[in-house]
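In case you want the letters, here they are:
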Amino acid sequence: MIELRSDTFTQPSAGMRQAMAEAEVGDDVYGEDPTVRALEAKAAQLMGKESALFLPTGTMANLVAFLAQTRPGDSIILSETAHPFLYENANLAMVAGLLTRTIADSLGKFNTDQLRERIVRKNDPHLSQTTLVSIENTTNCGGGACWEYHECEAIAALCRDQGMKLHCDGARLFHACAVTNIQPHIYARCCDTLSFCLSKGLGAPAGSLLTGDSETIKKALRFRKMLGGGMRQSGILAAAGLYALEHHLPHLAEDHRRAREFRRALEEAGVKFALPSPTNILYLQCDDAPTKVRMLAEKGIRVLARDSDLMRIVFHRDITDEMLAEAIEGFKQVLIPT
Ligand SMILES: Cc1ncc(COP(=O)(O)O)c(C=O)c1O
């Protein structure tokens with residue numbers, strides 16, 4: 001199988017499995033797992049933040065960031081294609097009690113003019129106050145688009161000016177860093193909190209980190225426990241994360257190269273793509289995507305139908321150059337009439 005549905009399909013490498021097997025562990029709910037402590041320290045240092053918290057998923061990392069920085073009844077601004085808005089099962093409303101104010105943009109990003117229009121900071125008892133803005137880097141539904149530093153900083157300056165917090169869902173932050181050459185801590189200094197995932201293209205079986213100042217992370221720890229995210233000997237998972245940060249980050253540039261080559265080969269054959277896609281997530285346009293997805297699956301190529309005329313294709317570290325060549329051939333056979 002050539003698995004292109006998501007970069008969450010990456011498998012732990014042999015070295016990672018060994019690091020997991022040898023991890024020193026303790027009960028992390030008691031704060032006694034040395035490997036989790038080491039991963040949290042590494043995450044805080046990488047992002048230039050005071051503190052970090054290990055969580056099972058990116059969904060929980062976003063949710064505790066929102067819970068720790070808002071109050072029920074506040075409003076939060078984010079892209080209308082942001083993961084927490086579309087794919088986290090309304091937890092913003094159901095768990096955090098937040099009103100969402102969304103911004104439409106095909107890349108899943110926004111500028112200060114778009115943001116300014118959505119902010120509510122008026123002293124009017126009718127209105128829910130906006131206290132948090134959330135950006136996504138890279139944007140999943142925006143074709144893996146990256147934020148430039150000046151774009152983040154402009155949003156951050158407006159947030160500071162309006163007394164609002166800024167969270168970054170950096171599930172694929174390292175993918176952005178690989179393209180923009182911006183260091184993670186430079187991105188992170190624009191944001192009050194930043195989360196990143198170890199399970200998106202990095203081979204770890206689970207795990208995300210939320211980074212921020214100590215006070216916010218202390219609150220996040222309480223919410224993690226409330227949500228059932230307090231794990232015990234989670235050093236086994238943290239060891240995978242440490243291994244990924246040490247050994248797997250350089251491979252991301254290769255994933256981006258393969259995504260580019262795939263796209264170029266198909267564009268030369270007349271296939272159309274929907275968005276610029278500078279990283280590893282591509283959206284291919286075609287008629288009747290569900291049928292084409294089934295035809296590709298029969299050839300051992302797995303992709304997702306995003307809409308009736310759109311497929312999502314995601315490159316990651318388990319796709320080799322041979323698989324890339326096979327995928328290009330398979331797509332041509334399915335998409336291009338002979
Ligand atoms: C941008 C983004 N944020 C958050 C998440 C949630 O991560 P998880 O699946 O670990 O909950 C995802 C998952 O794909 C994602 O793409």
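Look up a bit, the structure's there.
Remember, predicted model here, so these are calculated numbers, not experimental data. (Residues numbered from 1 in each chain as written. Predicted model: local features only at pLDDT ≥ 70, side-chain atom pairs only at ≥ 80, totals over all residues. Heavy atoms only, no water.)

Peer 1: Just checking my understanding: could you explain the site of the ligand for this structure?
Peer 2: In the neighbourhood of the ligand, the contacting residues comprise Thr-57, Gly-58, Thr-59, Asn-62, His-83, Glu-88, Glu-136, Asn-140, Asp-169, Ala-171, Arg-172 and Lys-200. Take Gly-58: an N or O atom from its main chain is 2.9 Å from an oxygen atom of the ligand. A distance of 2.6 Å separates a nitrogen atom of the ligand from a polar atom in the side chain of Asp-169. For the shell around the ligand, the residue count by class is one nonpolar, six polar and five charged. (Near = heavy atom within 4 Å. Polar contact = N/O pair within 3.5 Å; in protein donor to acceptor, adjacent residues only side chain to side chain. Nonpolar A, V, L, I, M, F, W, Y, C, P; charged D, E, K, R; others polar.)

Peer 1: Help me understand the sheet that holds strand 5 (residues 130-136), please; the structure alone is not making it clear to me.
Peer 2: Strands belonging to one sheet form pairs held by backbone hydrogen bonds; the direction of such a pair is parallel or antiparallel. If you walk across this open sheet you meet the seven strands as 2-8-7-6-5-3-4, and the pairing is mixed. In this open sheet, the two strands that pair with only one neighbour each are strand 2 (51-55) and strand 4 (99-103). Taken pair by pair, the neighbouring strands of this sheet meet at an average axis angle of 20 degrees, ignoring direction. Summarising the sheet, strand 6 (residues 165-170) and strand 7 (residues 193-197) pair through four bridges and their orientation is parallel. Bridge assignment links His-167 to a residue of strand 7, and that residue is Thr-193. Most of the contacts of helix 10 (residues 214-226) go to strand 2, to which it runs at about 20 degrees, and overall it touches strand 2, strand 7 and strand 8 (208-212). (Pairing = 2+ DSSP bridges. Helix = DSSP H or I, 4+ residues; strand = E, 2+ residues; numbered from the N terminus. Axes fitted to C-alpha atoms, helices over the stretch in contact; angles between N-to-C directions. Contact = heavy atoms within 4.5 Å.)

Peer 1: Could you clarify how one ought to interpret the nonpolar core in this entry?
Peer 2: Proteins that are soluble and globular tend to have nonpolar side chains buried together. Judged by nonpolar contacts, the single largest core of 50 residues is most densely connected at Leu-115, Val-133, Ile-155 and Phe-196. With six residues, helix 2 (residues 34-47) is the largest single contributor of residues to this core. In this structure, Cys-286, Ala-289, Met-311 and Leu-324 belong to the second largest nonpolar core, which totals 26 residues. (Core = buried A, V, L, I, M, F, W, Y, C linked by side-chain atoms within 4.5 Å. Buried < 20%, exposed > 50% of the residue type's maximum accessible area, 1.4 Å probe, protein only.)

Peer 1: What exactly am I supposed to notice about the pattern of salt bridges here?
Peer 2: A complete count under the given rule lists 17 salt bridges for this structure. As a salt-bridge pair, Arg-116 and Asp-113 come within 3.4 Å of each other at their nearest N and O atoms. Placement of both Arg-116 and Asp-113 in helix 6 (residues 112-118) is noted, with a separation of three residues, approximately one turn of the helix. Between Asp-321 and Arg-258 there is a salt bridge whose closest N-O contact spans 2.8 Å. Remark: Arg-258 occurs in helix 12 (residues 252-268) and Asp-321 occurs in helix 14 (residues 321-335); sequence separation between them is 63 residues. Take Arg-258: its relative accessible area is 12%, and that puts it in the buried class. Several salt bridges share partner residues, and in doing so they unite Glu-254, Arg-257, Arg-258, Glu-261 and Asp-321 into one network. (Salt bridge = Lys/Arg side-chain N within 4 Å of Asp/Glu carboxyl O.)

Peer 1: What's the story with the state of the cysteines in this structure? I'm lost.
Peer 2: Note on terminology: a disulfide is the covalent bond linking the sulfur atoms of two cysteines. Tallied over the full model, the rule gives zero disulfides. Cys-146 takes part in no disulfide bond, and the closest cysteine sulfur, belonging to Cys-177, lies 8.7 Å away. Given the relative accessible area of 9%, Cys-146 is considered buried. The cysteine Cys-191 is free of any disulfide, with Cys-168 supplying the nearest cysteine sulfur at 4.7 Å. Residue classification places Cys-191 among the buried residues on the basis of a relative accessible area of 4%. (Disulfide = S-S within 2.5 Å.)

Peer 1: Would you take a moment to explain the packing of aromatic side chains for this structure?
Peer 2: To describe a pair of aromatic rings, you give the distance between the ring centres and the angle between the ring planes. According to the stated counting rule, one finds five aromatic pairs in the structure shown. On the numbers, 5.2 Å between centres and 80 degrees between planes, the contact of Phe-174 with Phe-196 is edge-to-face. A residue pair is termed long-range when its members are at least 10 positions apart, and Phe-174 in helix 8 (residues 173-180) and Phe-196 in strand 7 qualify at 22 residues. Judged by its relative accessible area of 8%, Phe-174 is buried. For Phe-196, a relative accessible area of 1% translates into the label buried. Seen in terms of ring centroids, Phe-262 and Phe-273 are 6.4 Å apart; in terms of plane orientation they differ by 80 degrees. Their pairing is edge-to-face. Here the residue Phe-262 occupies a position in helix 12, and Phe-273 occupies one in strand 9 (residues 272-273), the gap between them amounting to eleven residues. If you follow Lys-109 out to its NZ or CZ, it ends over the ring of Trp-147, 5.8 Å from the centre. (Phe/Tyr/Trp six-rings, centres within 6.5 Å; stacked < 30°, edge-to-face > 60°. Lys NZ or Arg CZ within 6 Å of the ring centre and 35° of its normal.)

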